[in-house]
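Chains, contacts and geometry: an overview
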Amino acid sequence: MRLENKVAIVVGAGQTPGETIGNGRATAILFAREGAQVLLVDKRIESALETEQIIKDEGGTASSCAGDVSVDADCLAFTNICVERYGKIDILHHNVGIGVGDRGPIETAESVWDKMLDVNLKGAFLTSKHVLPIMREANSGSIIFISSIAAICSMNAIAYKASKAGMNSLSQAIAIDNARFGIRSNVIMPGLMDTPIAIEGISKAINKTRQQVRARRDAQVPLGSKMGTAWDVANAAVFLASDDAGFITGVNLPVDGGQSARIG
Ligand SMILES: NC(=O)c1ccc[n+]([C@@H]2O[C@H](COP(=O)([O-])OP(=O)(O)OC[C@H]3O[C@@H](n4cnc5c(N)ncnc54)[C@H](O)[C@@H]3O)[C@@H](O)[C@H]2O)c1
């Protein structure tokens with residue numbers, strides 16, 4: 001029960017439909033198993049409600065709320081709802097991220113760039129903008145952003161890469177600016193994970209079977225030649241959210257089976 005008596009918001013707590021579990025859903029479930037009360041926010045409320053049902057079936061505490069992270073009023077609204085329902089906010093877990101349609105600058109449409117930066121980077125700014133005053137008042141809090149090793153590794157998907165690199169910088173700035181309030185801000189950079197957004201998404205985009213996509217991704221991972229799962233991200237998130245990580249802030253933690261450590 002490492003998160004006993006804590007209140008968490010998980011933004012992007014639903015999931016893309018698919019064979020496996022997504023990062024946001026697994027994290028919300030693990031937060032609840034560790035004793036947190038969890039507000040589940042998602043643009044698709046029906047998907048957040050599925051996560052809520054899983055948590056309630058296990059005896060945990062959760063409720064849902066519709067919200068789009070790229071809309072300022074939505075971010076303010078779910079922040080207020082969390083305080084109304086649970087009285088405080090100890091943890092903000094920002095999981096939302098999209099990544100389709102971008103390549104190099106020549107091939108990437110302006111609309112794709114704008115949408116990706118809007119959701120991935122502006123969304124992270126807006127969620128923290130509204131949650132931070134509550135955390136400052138309490139003189140404590142833990143913010144976790146789900147970035148990607150794309151932020152630091154070579155990747156020809158410029159909008160996704162730039163949005164995640166921006167997120168790393170945003171987190172570092174928040175960490176330094178809010179340390180005096182006892183607030184920590186950290187980033188998890190997942191590598192290749194076996195989640196629906198990756199497997200189902202890529203297999204549709206490049207017209208290959210899920211097995212072919214999995215084999216190609218597994219082969220790139222140094223540790224055991226196997227992708228990670230959403231539970232690997234969730235376990236790292238529980239640690240960073242908990243008091244066990246009380247002296248850790250401003251960190252970008254790869255959860256990638258060593259992929260980002262391989263140079264050359
Ligand atoms: N799977 C991987 O291999 C991998 C690798 C690196 C990083 N990531 C990162 O992991 C995160 C996503 O993981 P997941 O498995 O939970 O994905 P997911 O697609 O299963 O879940 C994301 C949820 O966010 C919601 N969402 C999308 N846009 C939203 C918006 N504007 N406002 C509110 N909610 C919105 C979706 O409805 C969905 O339920 C992303 O940040 C992604 O960049 C994944």
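Everything below is about the structure shown above.
Here's a quick rundown of the structure.

Quick look at helix 5 (residues 158-178) now. Compared with the 30 Å implied by 1.5 Å per residue over 21 residues, the 30 Å span of helix 5 between its first and last C-alpha is a close match. Taken together, the buried positions of helix 5 are Ala159, Tyr160, Ser163, Lys164, Gly166, Met167, Asn168, Leu170, Ser171, Ile174, Ala175 and Asn178.

Lining the immediate environment of the ligand, one finds 29 residues, of which Thr16, Asp42, Asn95, Tyr160 and Thr195 sit closest. In this structure, Gln15 approaches the ligand through a main-chain N or O atom, which is 3.0 Å from an oxygen atom. One nitrogen or oxygen atom from the side chain of Arg44 is found 3.2 Å from an oxygen atom belonging to the ligand. Considering the ligand on its own, with 860 Å² of exposed area, one finds that the protein chains cover 94% of that surface. If you list the elements that add at least two residues to the shell around the ligand, you get helix 1 (23-33), helix 5 and helix 6 (196-206). Tallied by class, the residues present in the shell around the ligand amount to 9 nonpolar, 14 polar and 6 charged.

All right, on to the nonpolar core then. By size, the foremost hydrophobic cluster in this structure holds 32 residues, and its most contacted members are Phe31, Val38, Leu40, Ile55, Ile144 and Ile188. Only strand 1 (7-11), helix 1, strand 2 (37-42), helix 2 (45-57), strand 5 (141-146) and helix 8 (230-241) provide two or more residues apiece to this core. In terms of residues, this core owes the most to one element, helix 8, which gives 8 residues. Setting aside residues up to four positions removed in sequence, Ile188 forms contacts with Ile144, Phe145, Ile146, Ser147, Ser148, Val233, Ala236, Ala237, Leu240, Leu253 and Val255. With 30 residues, the next largest nonpolar core counts Leu39, Val131, Leu132 and Phe181 among its residues.

Calculation notes
- Residues numbered from 1 in each chain as written.
- Predicted model: local features only at pLDDT ≥ 70, side-chain atom pairs only at ≥ 80, totals over all residues.
- Heavy atoms only, no water.
- Helix = DSSP H or I, 4+ residues; strand = E, 2+ residues; numbered from the N terminus.
- Expected span 1.5 Å × (residues − 1).
- Buried < 20%, exposed > 50% of the residue type's maximum accessible area, 1.4 Å probe, protein only.
- Near = heavy atom within 4 Å.
- Polar contact = N/O pair within 3.5 Å; in protein donor to acceptor, adjacent residues only side chain to side chain.
- Areas by Shrake-Rupley, 256 points an atom, 1.4 Å probe, with all protein chains shown as cover.
- Nonpolar A, V, L, I, M, F, W, Y, C, P; charged D, E, K, R; others polar.
- Core = buried A, V, L, I, M, F, W, Y, C linked by side-chain atoms within 4.5 Å.
- Contact = heavy atoms within 4.5 Å.

Any link to function would need more than the numbers given here.
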